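# Coordinates in review
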Amino acid sequence: MSEELRVPMSRPDIGSAEQQAVAEVLATPVLSMGEQTSAFEEAVRQFCGAQHAVAVNSGTAGLHLCVRAAGIGPGDLVLTTPFSFVSSSNVLLFEQAVPVFVDVDARTGNLDPAALAQAAADLAAGGAAAERWLPRRGAQATPAKAILAVDVFGQPADYAVIREVAEQHGLALIEDSCEALGAEYRGQPAGRLGDMGVFAFYPNKQITTGEGGIVVTDDAEAADFMRALRNQGRAPGDTWLQHTHLGYNYRITELSAALGRVQMGRLEDLLARREQVAAWYQQRLEGQAGLEVQYVGPDTTRMSWFVYVVRVAAGVNREEFARRLLAAGVPSRPYFAPIHLQPFMVERFGYQPGDFPVTEDLGARGLALPFSGVMTEAEVDLVCEEVRKALA
Ligand SMILES: *Cc1c(COP(=O)(O)O)cnc(C)c1O
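What counts as what
Residues numbered from 1 in each chain as written. Predicted model: local features only at pLDDT ≥ 70, side-chain atom pairs only at ≥ 80, totals over all residues. Heavy atoms only, no water. Domains from an automatic or database assignment. Contact = heavy atoms within 4.5 Å. Salt bridge = Lys/Arg side-chain N within 4 Å of Asp/Glu carboxyl O. Polar contact = N/O pair within 3.5 Å; in protein donor to acceptor, adjacent residues only side chain to side chain. Helix = DSSP H or I, 4+ residues; strand = E, 2+ residues; numbered from the N terminus. 1 Å grid on protein atoms, 1.4 Å probe; cavity = no way out; pocket = protein on both sides within 12 Å on 5 of 7 lines; lining within 4 Å. Points joined across faces, edges and corners; volume = space filled by probe spheres on them. Nonpolar A, V, L, I, M, F, W, Y, C, P; charged D, E, K, R; others polar.

When its domains are assigned, the protein resolves into domain 1 (16-265) and domain 2 (267-391). The straight-line distance from the C-alpha centre of domain 1 to that of domain 2 is 24 Å. Each side of the interface is counted separately: domain 1 has 48 residues, and domain 2 has 43 residues. Ionic pairing is found between D299 and R186, a salt bridge with its closest N-O pair at 3.1 Å. Along the contact surface separating domain 1 from domain 2 lie 27 residue pairs in polar contact (both at pLDDT 80 or more). At the level of secondary structure, the elements contributing two or more residues to the side of domain 1 that touches domain 2 comprise α4 (87-93), β3 (98-101), β6 (184-185) and α9 (254-265). Looking at which element gives the most residues to the side of domain 1 that touches domain 2, the answer is α4, with four residues.

Here is the structure:
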């Protein structure tokens, strides 16, 4: 039924060291909550220079724990972006909080800092100024409680401004760095640019644990709370079957943690390979009529390539373009679908097309091409050749 693919959409980079590490765990009786988890946390903690790291079983779980640790609850307004993977907003809905969307910068796809500053000021002022930022239904005007920023496609958002807004209004700042392990903003590591940062390890991310995530923070109290919540709410000192808090099973397995520990040991190599593949793409597609390539801003002192997304020019039919690529054996994916237009968001908050025009434009024109650190130059050549033919 489907065409034979000549190159996969993405592939993890797993070697014999990873296979051996996982096999070694299987030969022990400890498959959860053991030394692999501690070692993996320590590797990530040291890499990004955080005081604490808490490993969990998905990036979404990590974001949810940050939302809980920030004390975000029913009716709280959280300034965030509609141009993201859906889970960055879902974790707010898990707590009956309300994502207040702010549109993005057209070049980076990250939160527009000026608009964010305006939104925070208007919500603090209240009245009609505040109302214009709220969805048509499902929210009541109050000052914002927090900011949840996302480092889109491996490029950090503009934290110089975002932090200033957070400080000025006393807002918690959560950094969704699930696509940006290894990236740097003005020389500072992604994940460390807010109060708490989260990385994710699904197989298409910079490193993988199969499924997994990790929270990094300097806040000892928040870290303890999150460690308790990931383990059914069992706080330090609680006995077996004693649960101080309402918690979850967000524990990562030792198999995943062992995989992550070995991948962390190879991180520089994994990032460099992805950089090389992205460079091959940029060289071949820059200046190609009908396409725009990824923009990397001057504050991004290191881009951590997560996906390779191009934007079709206005007037190019993206779906037809993608169909032609697929017919030639090259898969691709629209990237991202705006969160505010997901059916459940429309139903709950009454969003309409046109509410966030930059996000919608990027959502309509963005297409991720096959990408991974194990892609060869010949594969990049093949994809670029088919891209040129499909656009002709
Ligand atoms: C991958 C990702 C997540 C977390 O995804 P999980 O599948 O839960 O690990 C969160 N936010 C963004 C922006 C992501 O890309």
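The rest of the description comes next.
This next bit is on unusual backbone geometry. The omega torsion of the bond from Y335 to F336 falls at -25°, within 30 degrees of zero and hence cis. By the secondary structure assignment, F336 is in the loop between β13 (333-334) and α12 (343-349). You will see that F153, though not glycine, has its phi angle at about 60°, which is positive. When you line up the elements, F153 lands in the loop between β4 (146-150) and α7 (159-169). Although it is not a glycine, R186 adopts a positive phi angle of roughly 45°. The topology assignment puts R186 in the loop between β6 and β7 (188-189).

The next point concerns empty space enclosed by the protein. By the definition in use, this model includes one cavity of 30 Å³ or more. For the largest cavity, the calculated volume is near 120 Å³. Taken together, 17 residues form the lining of the largest cavity, with R11, D13, K205, Q206 and R274 sitting closest to its centre. Class assignment of the residues belonging to the lining of the largest cavity gives a composition of six nonpolar, seven polar and four charged. A domain split of the lining of the largest cavity shows at least three residues from each of domain 1 (16-265) and domain 2 (267-391).

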